[in-house]
Amino acid sequence: MATRWGLCGAGKISHDFSVAMKTLPPGDHQIVAVAARSLERAQEFAKKHSIPKAYGSYEELTSDPEIDMVYLGVLHTEHWRVGLLVLQAGKNMLCEKPFAMNSREVGDLIAASKKSNVFLMEAIWSRCFPLHREVRRLLAEDAIGDVKLVKASFGSPQLHILRSVEKELGGGALLDIGVYTLQFVLMVFNGERPESIHATGVLLNSGVDESMVVVMKFPRNRLAICFFSIAVSLPNDATISGTKGTIRVLGPMHCPTTLEVNGKMTQYPLPEPSLPLNFTNSTGLRYEAEEVRQCLLKGLKESPKMPLSESALLTEVMDECRKQVGVVFNQDSQ
Ligand SMILES: NC(=O)C1=CN([C@@H]2O[C@H](COP(=O)(O)OP(=O)(O)OC[C@H]3O[C@@H](n4cnc5c(N)ncnc54)[C@H](OP(=O)(O)O)[C@@H]3O)[C@@H](O)[C@H]2O)C=CC1
Ligand SMILES: O=C1OC[C@@H](O)[C@@H](O)[C@@H]1O
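Calculation notes
Residues numbered from 1 in each chain as written. Chains lettered and ligands numbered in written order. Predicted model: local features only at pLDDT ≥ 70, side-chain atom pairs only at ≥ 80, totals over all residues. Heavy atoms only, no water. Near = heavy atom within 4 Å. Polar contact = N/O pair within 3.5 Å; in protein donor to acceptor, adjacent residues only side chain to side chain. Areas by Shrake-Rupley, 256 points an atom, 1.4 Å probe, with all protein chains shown as cover. 1 Å grid on protein atoms, 1.4 Å probe; cavity = no way out; pocket = protein on both sides within 12 Å on 5 of 7 lines; lining within 4 Å. Sits in = over half its atoms within 2 Å of the grid points. Helix = DSSP H or I, 4+ residues; strand = E, 2+ residues; numbered from the N terminus. Core = buried A, V, L, I, M, F, W, Y, C linked by side-chain atoms within 4.5 Å. Buried < 20%, exposed > 50% of the residue type's maximum accessible area, 1.4 Å probe, protein only. Domains from an automatic or database assignment. Contact = heavy atoms within 4.5 Å. Pairing = 2+ DSSP bridges. Axes fitted to C-alpha atoms, helices over the stretch in contact; angles between N-to-C directions. Parallel < 35°, antiparallel > 145°, perpendicular 65-115°, else oblique. Nonpolar A, V, L, I, M, F, W, Y, C, P; charged D, E, K, R; others polar. Buried area = accessible area lost by both parts, 1.4 Å probe. Salt bridge = Lys/Arg side-chain N within 4 Å of Asp/Glu carboxyl O.

**Some points on the site of ligand 2**
Consideration 1: The immediate surroundings of ligand 2 are formed by K97, F154, Q158, R163, D176, I177, Y180, H254 and F279.
Consideration 2: One nitrogen or oxygen atom from the side chain of R163 is found 3.1 Å from an oxygen atom belonging to ligand 2.
Consideration 3: Protein contact buries 84% of the 270 Å² of open area that ligand 2 shows by itself.
Consideration 4: Taken atom by atom, the bulk of ligand 2 overlaps the largest pocket.
Consideration 5: With three residues, the top contributor of residues to the shell around ligand 2 is helix α8 (residues 173-188).

**So, the nonpolar core**
Consideration 1: Formed by 83 residues in total, the largest nonpolar core has its most connected members in W5, F184, V214, M216 and I240.
Consideration 2: When residues in this core are grouped by element, the largest group, 12 residues, is from α8.
Consideration 3: If you count residues domain by domain, this core takes at least three from each of domain 1 (3-126) and domain 2 (130-266 + 308-333).
Consideration 4: Excluding its chain neighbours within four sequence positions, the residues that come into contact with M216 are L182, V185, P194, S196, I197, R222, L223, A224, C226 and V317.

**Concerning the sheet that holds strand β8 (residues 196-203)**
In a beta sheet, neighbouring strands pair by backbone hydrogen bonds and run either parallel or antiparallel.
Consideration 1: The strand order across the open sheet built from eight strands is β8-β9-β10-β7-β11-β12-β13-β14, with neighbouring strands paired in mixed fashion. Single-partner strands in this sheet number two, and they are β8 and β14 (264-267). On average, each strand axis in the sheet is inclined to that of its neighbour by 10°, with strand direction left out of account.
Consideration 2: As paired elements, strand β7 (residues 147-155) and strand β10 (residues 222-229) share seven bridges and run parallel to each other.

**A short note on the packing of helix α1 (residues 12-21) against helix α9 (residues 285-297)**
Relative placement of two packed helices is described by the angle separating their axes and the distance separating the axes.
Consideration 1: In the contact formed by α1 and α9, the axes pass within 8 Å of each other and the chain directions differ by 70°. Relative to α9, α1 is oriented roughly perpendicular. Contacts from I13, D16, F17, A20 and M21 in α1 reach L285, R286, E288 and A289 in α9.
Consideration 2: Of the residues assigned to the contact of α1 with α9, the class counts are six nonpolar, no polar and three charged.

**What about the domain arrangement of the chain?**
Consideration 1: By domain assignment, the chain separates into domain 1 (3-126) and domain 2 (130-266 + 308-333).
Consideration 2: For domain 1 versus domain 2, the separation of C-alpha centres amounts to 25 Å.
Consideration 3: Between domain 1 and domain 2, the contact holds 21 residues from the first and 24 residues from the second.
Consideration 4: Contact between domain 1 and domain 2 buries roughly 2,000 Å² in total, counting both sides, with carbon and sulfur atoms accounting for 60%.
Consideration 5: Sorting the residues of domain 1 by area buried against domain 2 places H76, M101 and S126 first, and these three jointly supply 28% of that buried surface.
Consideration 6: Counting the contacts that link domain 1 with domain 2 gives one salt bridge.
Consideration 7: K97 is paired through a salt bridge with D176; the nearest N and O atoms lie 2.9 Å apart.
Consideration 8: Secondary-structure elements contributing two or more residues to the side of domain 1 that touches domain 2 are α5 (103-116) and β6 (120-123).
Consideration 9: Class assignment for the residues of the side of domain 1 that touches domain 2 results in 10 nonpolar, six polar and five charged.

**Comments concerning the pairing of strand β9 (residues 209-218)**
Consideration 1: Buried residues dominate β9, accounting for seven of its 10 residues.
Consideration 2: Of the pairings in the sheet, the one linking β8 to β9 comprises eight bridges and is antiparallel in character. Within the sheet, the bridge partner assigned to V202 lies in β9 and is S211.
Consideration 3: As consecutive antiparallel partners, β8 and β9 are separated by five residues, and within that stretch G207 has a phi angle of approximately 95°, a positive value.
Consideration 4: With eight bridges connecting them, β9 and β10 associate as antiparallel partners. Bridge pairing links M216 to A224 in β10.

Here you go:
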């Protein structure tokens, strides 16, 4: 039986997610409904994507008994409010990154999923890519010896995008793109907590971070450096340096197709989209959708690829980076 999805939000990422779903077997995944703040926008989106049902509120979608799984594609600042609505309605949820604005909000989402005994996952889609599965396999087999240093960057000139620069919309490089570099480091180090975090950044007049450099030290003398910016382009690659070799994920490391291991390149091509996409390599969103389906079929309440404990740690690391750099959101004092 197909996994039946409901989309919350009729925006850019929901569009890309819907296009990516069309690259999967229709017997495995069906988008049965979409909800938006306005019924007209939901209906327009549903027509464009051949989705049977459209709702003018998220509440109506969460009441639909036909839906097994909700994809949350709303703004960062709405993940907590709408996410709680979904979880308290007893629906499984795949929540776009970043999980929420801070550790308190993430804790509330996780607690709500436990109380409702439903599946919950932060949509760190990168981890579901076949390329990153290969990276994890190589590391598990000590293919490059002891890992001593990890480096990841992500630069995406987005100063023209309102949600990227406005504090009220959850702006800043860290939560939107820096999150990918930090999660990569945690993945390499198997979710271990860093012993130290040092963050230095530059703020926009709006009070959100334009650019940031984060240096972390992990147990057993291992180091990581992440740097990211919404003002400039960067290599957007990631390098894992070990005592016996090097693994390099070529950019875009958050949705990669090329892996270099000790100088040997391997390609991981993505399917072509049926409609133009808003974001790079978005047909790769198919992998997280399939991961969710497999978890549901196994009766899991979280994904081993992005455990809730690791989402919580990732959020704690980001809270610390914001504290050091001086980015404070309204959600921090609620
Ligand atoms: N995994 C990935 O590669 C990507 C992930 N994302 C994530 O997806 C989320 C949405 O990003 P994106 O699709 O680019 O955003 P959009 O600007 O397209 O907005 C998404 C939805 O958020 C709601 N929304 C927009 N503005 C407001 C507002 N001012 N107040 C309340 N709700 C609002 C709307 O929902 P409605 O339709 O119901 O009105 C809108 O459709 C973000 O959290 C982002 O991190 C984004 C891009 C890529
Ligand atoms: O997750 C994302 O992918 C990279 C950028 O487009 C960013 O804004 C987006 O949220």
